[in-house]
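What the coordinates show
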Amino acid sequence: MTQPMKTFFSDLYKKANQGPWPLIITVGLLLVGTITVYQSPRSLAAFLTLMLCPVMLYFLKINIKVKIFMGLLLAIVILPVLGIRNIFYLEVIFQMAVFAALALGLNIVIGMAGLLDLGYVAFYAVGAYAWAIFGSKQLSLLHSIPGAAPAGAEFSLAPSYFWLFLFLGVGLAALAGILLGLPVLRLRGDYLAIVTLGFGEVIRVLALNLDKPINLTNGPQGITPIQRPPLPPGFIMEPIRNLLTPIVGHAPTDAEFYNVFFYLLALVVILIAIGVATRLEDSRIGRAWAAIREDETAAIAMGIPLVRLKLAAFAAGASFAGCMGVVYAANRTFVSPESFSFLQSIGVLTMVILGGLGSIPGVIFGASAVVILNIQVLQNFSLYLSALRQSDAVIPLINFAWKDLSNQLDPAKYQKLVFGIILIVMMIYRPAGLIPAERRKRELVEDIE
Amino acid sequence: MALLQTTGIVKRFGGLVAVNKISIALEESRIASIIGPNGAGKTTFFNTLTGIYKPDEGQINFNGRSLLGLRPDQVAERGISRTFQNIRLFGSMTVLENIIVGMYTQLKQSAIDALFRTKKFHAEEKESEKKASELMEYVGLKNVGNQLARNLPYGGQRRIEIARAIAANPTLLLLDEPTAGMNPNETEDAIKLFRRIRDDKGITILLIEHDMRVVMGISEHISVMDYGEKIAEGTPQEIRTNQRVIEAYLGREAASTKD
């Protein structure tokens, strides 16, 4: 960014932080966002206005209690209600939370401990398949050919086992993290990246091929249906349904309640993930990880056991993904190997680097930004371009009709191109990420004279 | 009995014998030096002591126990701390954090303590923070605790590296060319600091050094290495007049014409 632009923004930030302005801005955004989204549930601009509110809440100086109150109001009242009106928003926010948890986990491995992991999505797959296999009819189909399910197959576990698997997913993924960690401990940098990439592919290929000799994963067709945990009983749900009916304009269906439920569940998981990540970072373990990242030789000379701490980093990072994997499997009621491709790993890596390597608020912001960009902004952009091609509009300056554009150059195909350009520009102007990592400042230092 | 005793340490890299049958004995609470021309194998010898390299032959005894086969972190846990020839601070961590990392082996908190922020955790964090600020002042730095280590000037970084090393509460401190690149004033301060560390804390110091003023001014015992072998040892007085040492430093020709 050029110097005048930088000072312009920092001046603006200072002005926005004075007197009543922080409160006016955030409350304003909250109100305007809520009303506009309520009025026109399909408007992207309205949704972005509303999403700007939590961002501003984070950046501006407001009493912490007010911040928490507004955050909670937005997260557990406004968004679910608006989400029932337009279910797509809950889907967007659910994906934001899922990827934020993945980014937080990967951030432990790459950002904190400095171990480049290109197969991170494997742990997500471990969690997802754990619940997929036990939470579906798959166990009674072990000896049948994929696709030819005999009638009368039964679910092997009650749906409420989901809660147990939420924890089992954490444990299984952590175990997978340690298994991956053991052989690669001697490797650094590029070599480590290649091995983890291979591990990610191994898990995907296992999922693809474990339909023989016994049909554990149902191969490329994937597993469906996967059970969802039961909603609270009717006497709790009915009052909520009645309360919401006039607000959202129709009686909410169970499917819509499930969307709210998974959104809230993802929110809880992400809050726990944030807590775990921040507390680990600012402790003996987090400092040891940072030391390993900075200089392995010096770290080990300080008495830091490399093996144990690297394994701990892999396990901790993997556990976040495992937990979200279980949530994902239940939410989609369907898993297939395709969801766990190498590109997914790269996607999460992009979020971490874009947001700020090693920065907890950064990676959450990065994950949210990439999700909104990919499934909303760029989607809208290509829809807009496609609409132009249907119309009589011409490209200005060169006077070329959109209609005459060859199919090869279909602008809708440029979604990824724009994303790529955004990434390149970001890395040139903000190489440390959107919210760069900062070390905690300690106050005690100045006290001693 | 000597605090550190090595017998016949050999370290080979392919055909090159970097350290050849080095035996030294270091008494407790001494300041001793290893000197020698560039490439004499001094740093390699340090690296075998601290477990970074495994010696091909020989014994290392520290505090009456063998160090052979231990990993560097286990050696550190036994009470040997070191600094590096080319400063190896954790650049993007703050000065205080660098020193607190040095206390790794001293801290008792577990991951559970950290996750649930137990009383023990808070007490220990506060204590280590306080200790780290004190150490920072001890090595002569003020109000830089929150700065990133890499932003400190060279001399400051050297000091922080020493503070980080003594934060581990070591019995033996290995300093690898600690005054390299310092101006005469800074060197003077450094010498005083080393003496203080030994006198106040009773830490035994073994240093590798090129600067003869430092070596002669501070050492109570000197070992001289050349081409991987120990060619002399003794008090500074003895080393100064030793013919083989003069030859090693000036070359045989120059040494003989000097007489």
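What counts as what
Residues numbered from 1 in each chain as written. Chains lettered and ligands numbered in written order. Predicted model: local features only at pLDDT ≥ 70, side-chain atom pairs only at ≥ 80, totals over all residues. Helix = DSSP H or I, 4+ residues; strand = E, 2+ residues; numbered from the N terminus. Buried ≥ 20, exposed ≤ 12 C-beta atoms within 10 Å, placed from the backbone. Domains from an automatic or database assignment. Contact = placed C-beta atoms within 7 Å. Nonpolar A, V, L, I, M, F, W, Y, C, P; charged D, E, K, R; others polar. Axes fitted to C-alpha atoms, helices over the stretch in contact; angles between N-to-C directions. Parallel < 35°, antiparallel > 145°, perpendicular 65-115°, else oblique. Pairing = 2+ DSSP bridges. pLDDT = per-residue confidence, 0-100. Core = buried A, V, L, I, M, F, W, Y, C linked by C-beta atoms within 7 Å.

1. As for the overall build of chain B
Along chain B, the regular secondary structure elements total 11 helices and 10 strands. Across the 259 residues in chain B, those meeting the buried criterion constitute 43%.

2. Considerations on the domain arrangement of chain B
Residue and element names in this part refer to chain B. Each assigned domain of chain B is listed with its residue range as follows: domain 1 (1–79 + 170–259) and domain 2 (89–168). Of note, the centres of domain 1 and domain 2, computed from C-alpha atoms alone, are 27 Å apart. With 13 residues of domain 1 at the contact, the number on the domain 2 side is 10 residues. Elements with a minimum of two residues in the side of domain 1 that touches domain 2: helix H2 (72–77) and helix H7 (184–201). Top element by residues in the side of domain 1 that touches domain 2 is H7. It accounts for five residues. Among the residues forming the side of domain 1 that touches domain 2, the class breakdown is eight nonpolar, one polar and four charged.

3. Things to note about the interface of chain B and chain A
With 35 residues of chain B in contact, the opposing surface of chain A contributes 27 residues. Per element, the largest residue contribution to the side of chain B that touches chain A is five residues, and it comes from helix H3 (residues 95–102) of chain B.

4. Considerations on the packing of helix H3 (residues 44–59) of chain A against helix H15 (residues 360–390) of chain A
The relative placement of two packed helices comes down to the angle between their axes together with the axis-to-axis distance. Residues and elements named next belong to chain A. Relative orientation of the contacting elements H3 and H15 amounts to 175°, with a least axis distance of 12 Å. Looking at the two axes, H3 sits roughly antiparallel to H15. Together, Leu 44, Met 51 and Tyr 58 of H3 and Pro 361, Ile 372, Gln 376, Val 377 and Asn 380 of H15 make up the contact between the two elements. Split by residue class, the contact of H3 with H15 holds six nonpolar, two polar and no charged.

5. Remarks on the pairing of strand E10 (residues 229–234) of chain B
In terms of strand pairing, strand E9 (residues 221–226) of chain B meets E10(B) through five bridges, oriented antiparallel. Each bridged residue has a counterpart across the sheet, and for B:Val224 the counterpart in E10(B) is B:Ala232.

6. Quick word on the domain arrangement of chain A
All names here are of chain A. If you check the domain split of chain A, you get domain 1 (1–85) and domain 2 (88–341). In this structure, domain 1 and domain 2 have C-alpha centres spaced 30 Å apart. On the side of domain 2, 14 residues touch domain 1, which itself brings 10 residues to the contact. When residues in the side of domain 1 that touches domain 2 are grouped by element, the largest group, nine residues, is from helix H4 (residues 64–85). Tallied by class, the residues present in the side of domain 1 that touches domain 2 amount to eight nonpolar, one polar and one charged.

7. As for the confidence of the model for chain B
Of the residues in chain B, 97% reach a pLDDT of 70 or more, and the chain-wide mean stands at 93. ipTM for the predicted complex: 0.93, alongside a pTM of 0.91.

8. Section: the nonpolar core
Counting residues in each nonpolar core, the largest one holds 187 residues, and the members touching the most others are A:Ala101, A:Leu102, A:Ala103, A:Ala313 and A:Met324. Leaving out residues up to four positions away in the same chain, A:Leu102 has contacts with A:Tyr124, A:Phe320, A:Ala321, A:Met324 and A:Val348.

9. Observations concerning the sheet that holds strand E8 (residues 204–208) of chain B
All names here are of chain B. Pairing is mixed in the open sheet, where six strands are placed in the order E6-E7-E8-E3-E9-E10. Two strands in the sheet have a free side with no partner beyond their single neighbour: strand E6 (80–82) and E10. In this sheet, neighbouring strand axes are inclined to one another by 20° on average, regardless of whether the strands run parallel or antiparallel. Across five bridges, the pairing between strand E7 (residues 172–176) and E8 is parallel. By the bridge assignment, Asp 176 is partnered in E8 with Ile 208. Contacts from helix H1 (residues 42–49) reach strand E3 (31–35), E6, E7, E8 and E9, with the element oriented near 150° to E7. Where helix H10 (residues 243–250) meets the sheet, its contacts fall on E9 and E10, and the angle it forms with E10 comes to roughly 130°.

10. A short note on H1(B)
All names here are of chain B. For H1, the buried fraction is high: seven of the eight residues fall into the buried class. Buried residues of H1: Lys 42, Thr 44, Phe 45, Phe 46, Asn 47, Thr 48 and Leu 49, and no others. Once H1 finishes, Gly 51 follows within two positions and takes phi at roughly 90°, a positive value.

11. So, the pairing of E9(B)
Consecutive side chains of a regular strand alternate in pointing toward one face of the sheet and then the other. Residue and element names in this part refer to chain B. E9 sits mainly inside the fold: five of its six residues count as buried. Sheet topology note: the E3/E9 ladder contains four bridges and is parallel. Directly across from Ser 33, in E9, lies its bridge partner Ile 222. Taking the residues that link successive antiparallel strands as the turn, the E9-E10 hairpin has two residues, and the phi of Tyr 227 there is positive, at about 45°.

12. Considering the sheet that holds strand E1 (residues 4–13) of chain B
All names here are of chain B. A sheet is described by the order of its strands in space; here four strands give the open sequence E2-E1-E4-E5, paired in antiparallel fashion. Taken across any chain shown, the strands that pair with only one partner, and hence form the sheet edges, are strand E2 (16–26) and strand E5 (65–66). Sheet analysis places strand E4 (residues 57–62) next to E5, joined by two bridges and oriented antiparallel. If you follow Phe 62 over to E5, its bridge partner there is Arg 65. Strand contacts of H1: E1, E2 and E4, with the helix running at about 65° to E2, the strand carrying the most contacts.

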